[in-house]
Amino acid sequence: MAAEPQPQLSEAQIAVHWREEDYYRPSAKFVAQANAGDPAIIERFGEEHFPECFREYADLLTWDTYWHTTLDTSRPPFWKWFVGGRLNACYNCVDRHLATSRNKAAFIWVPEPEDQDTRTITYQELYRRVNEFAALLRGFGGVDTGDRVTFHLPMVPELPVSMLACARLGVIHSEVFGGFSGTACGDRIADSGSRVLVTMDGYYRGGTLVDHKAKADEAVAAARKLGQEVDKVLVWRRHPGQYASKSPMVEGRDFFVDEILADYRGHSVEPVSMPAEAPLFLMYTSGTTGRPKGCQHSTGGYLAYVAGTSKYYQDIHPEDTYWCAADIGWITGHSYIVYGPLLLGTTSVLYEGVPTYPDAGRCWRIAERLGVNIFHTAPTTIRMLRKVGPHEPSNYDYHLKHMTTVGEPIEPEVWRWYHDEVGKGEAAVVDTWWMTETGGFLGSTLPALQPMKPGSCGPGVLGIYPVIYDEDDNVVEAGSGKAGNICIRNPWPGVLQTVWGQPDRFVDIYYRRYCKDQDSTDWRDWPFLCGDGAVQAADGYFRILGRIDDVINVAGHRLGTKELESATLTVAEVAEAAAVPVMDELRGRAVEMYVALNPGLAPGPEIEQKVAAAIEREIGKIARPRNVWIVPDMPKTRSGKIMRRVIAGISNFADVGDVTTLANPEIVDDIRHHVQSAK
Ligand code: WTA
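About the criteria used
- Residues numbered from 1 in each chain as written.
- Predicted model: local features only at pLDDT ≥ 70, side-chain atom pairs only at ≥ 80, totals over all residues.
- Heavy atoms only, no water.
- Core = buried A, V, L, I, M, F, W, Y, C linked by side-chain atoms within 4.5 Å.
- Buried < 20%, exposed > 50% of the residue type's maximum accessible area, 1.4 Å probe, protein only.
- Helix = DSSP H or I, 4+ residues; strand = E, 2+ residues; numbered from the N terminus.
- Contact = heavy atoms within 4.5 Å.
- Pairing = 2+ DSSP bridges.
- Axes fitted to C-alpha atoms, helices over the stretch in contact; angles between N-to-C directions.
- UniProt positions renumbered as here; feature names shortened; annotations may be inferred.
- Disulfide = S-S within 2.5 Å.
- Near = heavy atom within 4 Å.
- Polar contact = N/O pair within 3.5 Å; in protein donor to acceptor, adjacent residues only side chain to side chain.
- Nonpolar A, V, L, I, M, F, W, Y, C, P; charged D, E, K, R; others polar.

So, on to the nonpolar core. By size, the foremost hydrophobic cluster in this structure holds 121 residues, and its most contacted members are Phe54, Leu126, Phe133 and Tyr339. In terms of residue count, helix α7 (residues 123-139) provides more of this core than any other element does, nine residues in total. When near neighbours in sequence (up to four residues on either side) are disregarded, Leu126 contacts Val94, Ala106, Phe107, Ile121, Val161, Leu164 and Leu342. Counting 39 residues, the second largest nonpolar core, distinct from the first, contains Leu197, Ala223, Ala567 and Ile619.

Below you can see the structure in the form of structure tokens.
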């Protein structure tokens, strides 16, 4: 296997301009009710108490068998948490709340169009639906403990029902974000070896009923090309009894779930008691090279970590109405719409559609009507809402005690709008920094104990000890104003266990760069490379500068440059392709594609459209480039490597750095002239 290229800090990240922001403090009212109100908690998670400090998180779960070893480091970096323990994820999220909270809302689902009734799903109803679907998956779907099942589901209650049904059986779920293309879904089906695909006929988005089932046909075909057969496609119907797709149902392969469920009415399934270390789910994400990687998350460690961080950082109490407006198709939704809130027995709001349709008031109407008191979203959504309705929140009577932002750096002025307008100056705000691989938060302030600082996520969270290294493996000191690669010095229960089916790649990507001794079983020798550039201020707070690998973060979605380039190369006319990020006022970053054509071909809008269409087909609409530039040649090193740094500099009207060592320096001015005059 070729070694993973190691990420490098970009020049923009090294030359960071540091400006201190003022601190904000939470209200006395918030502090008085906070789950983490006593500073002793920081002490309890101090390094000298590692790893036993994480018992406190694990004790939020109900174990069938208690563990005997908190952390086993015998085979680094394949850490094992809560060894010897057994539990069931679905039991912890659902069954154990029935005795006290059977009639309480587990989920409140707000569908589109807006005149549709909101649906409340009590813990009792969730229990019933999950059991029936688990019985169906086992009986009709033929899946069993340890198998993988892929979902390609939108934001409907059927998604958490399907997740929890798998969890009940010890089946590993792998949800593919609904907006991804059928081909992207097929890749993930093949990689995970799923024989069953769970999908839905259609869903609403921005006023349109989107036909979704057609993507399942593409997914099955794409998986087959990669050698994976799908036996059954289980199709939930958005309106049971009616079929919202034009795609024909394939006899013997496609089945309407609502019809088959009739045979499983009232069935229940014993929750399967799983070892703490059994995988709970896979979540695919983009990285440095090649295909997306399946981050494998554990049952015991992951659940403990999301329960603990939901309790202390999001301050979730059982009586709250908590709304995380992310999509369950991303890690944020898994950890902080489904597992975290349900483990704490609270009410989690799900919504279908987009935050700005039919108008800028949708979110605030939902907050008012449902009495939402904790709100969680991404900077891209905040920027959009600020643009379309800067004073809209004041028209609605809602009161938040707590708000979260996640997924991208947030500009201090956007943070202040979020705090002042959305939070009406009453809510504590946490900026949570983490990633798909880490299961839960890595950096944030404890809302009642550590002041907020706009633009900085805060220090490492409880039990997480970050460190910044420079390219020469030296520690970058806090307050030095220098940026470096942020790593986590210690293992923690939420960290991915491996990359599905590729243990070597897992070690290579996350641990090779700063490993001090490959033979050591001391965790101190195995820092985890997060993949972000960061600076640490003198107060210990981190400012995250963005990805150091070949990932472009568009509206909080990770897109791999390699995937964009491979999709572009499926267009017959294209000889070479390079994807670069450009600054985007709303979405943080957007993608621009540079392509060089095969000899003798003339540039033209048809080829540009073909490239955009190919990216949409291979990855999905979210990856559509803002521009496709057809250039006579790419700037290259003498060894033939495309210089993305130079191209990105041109796209962003920035300094391209030294180009004298290029094999073809003259091309830089050509491209600059062509692109900058057209912008
Ligand atoms: C970025 C999303 C700045 C970061 C949970 C990370 C952030 C990538 C923040 C992971 C934040 C996430 N401030 N940047 N608060 N949170 N990021 O895997 O670059 O979709 O590496 O997980 O998003 O994206 P992912």
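A separate point is the sheet that holds strand β29 (residues 588-597). Strand order in the open sheet formed by three strands is β28-β29-β30, and the pairing between neighbours is mixed. The open sheet has two free edges, formed respectively by β28 (574-584) and β30 (627-630), since each of these has just one partner strand. Averaged over neighbouring strand pairs, the angle between their axes works out to 25 degrees when direction is ignored. Pairing of β29 with β30, which is carried by four bridges, proceeds in the parallel orientation. Bridging across to β30, Val595 finds its partner in Ile630. Across the face of the sheet, helix α20 (residues 644-651) comes into contact with β28, β29 and β30 while running at roughly 50 degrees to β28.

If you check UniProt for "domain: Acetyl-coenzyme A synthetase N-terminal" (unreviewed entry), the listed places come out as residues 51-93 in our numbering. Split by type, residues 51-93 is 21% helix and 23% strand. Its first and last C-alpha atoms lie 25 Å apart.

Bringing the state of the cysteines into the picture now. Scanning the model with the defined rule gives zero disulfides in all. Between Cys185, a cysteine without a disulfide, and Cys166, which holds the nearest cysteine sulfur, the sulfur-to-sulfur distance is 14 Å. For Cys185, a relative accessible area of 0% corresponds to the buried category. Counting only cysteine sulfurs, Cys324 is the nearest neighbor of Cys363, a cysteine outside any disulfide, at a range of 12 Å.

Below, the discussion takes up the site of the ligand. Taken together, 17 residues form the shell around the ligand, and within it Asp431, Thr436, Asp532, Arg547 and Arg558 come nearest. At a separation of 3.0 Å, a nitrogen atom of the ligand approaches a polar backbone atom of Gly407. In this structure, Asp431 approaches the ligand through a side-chain N or O atom, which is 2.7 Å from a nitrogen atom. Where the shell around the ligand is concerned, the elements lending two or more residues are α13 (331-343), β20 (428-432) and β25 (542-547). Across the shell around the ligand, the residue classes break down as seven nonpolar, five polar and five charged.

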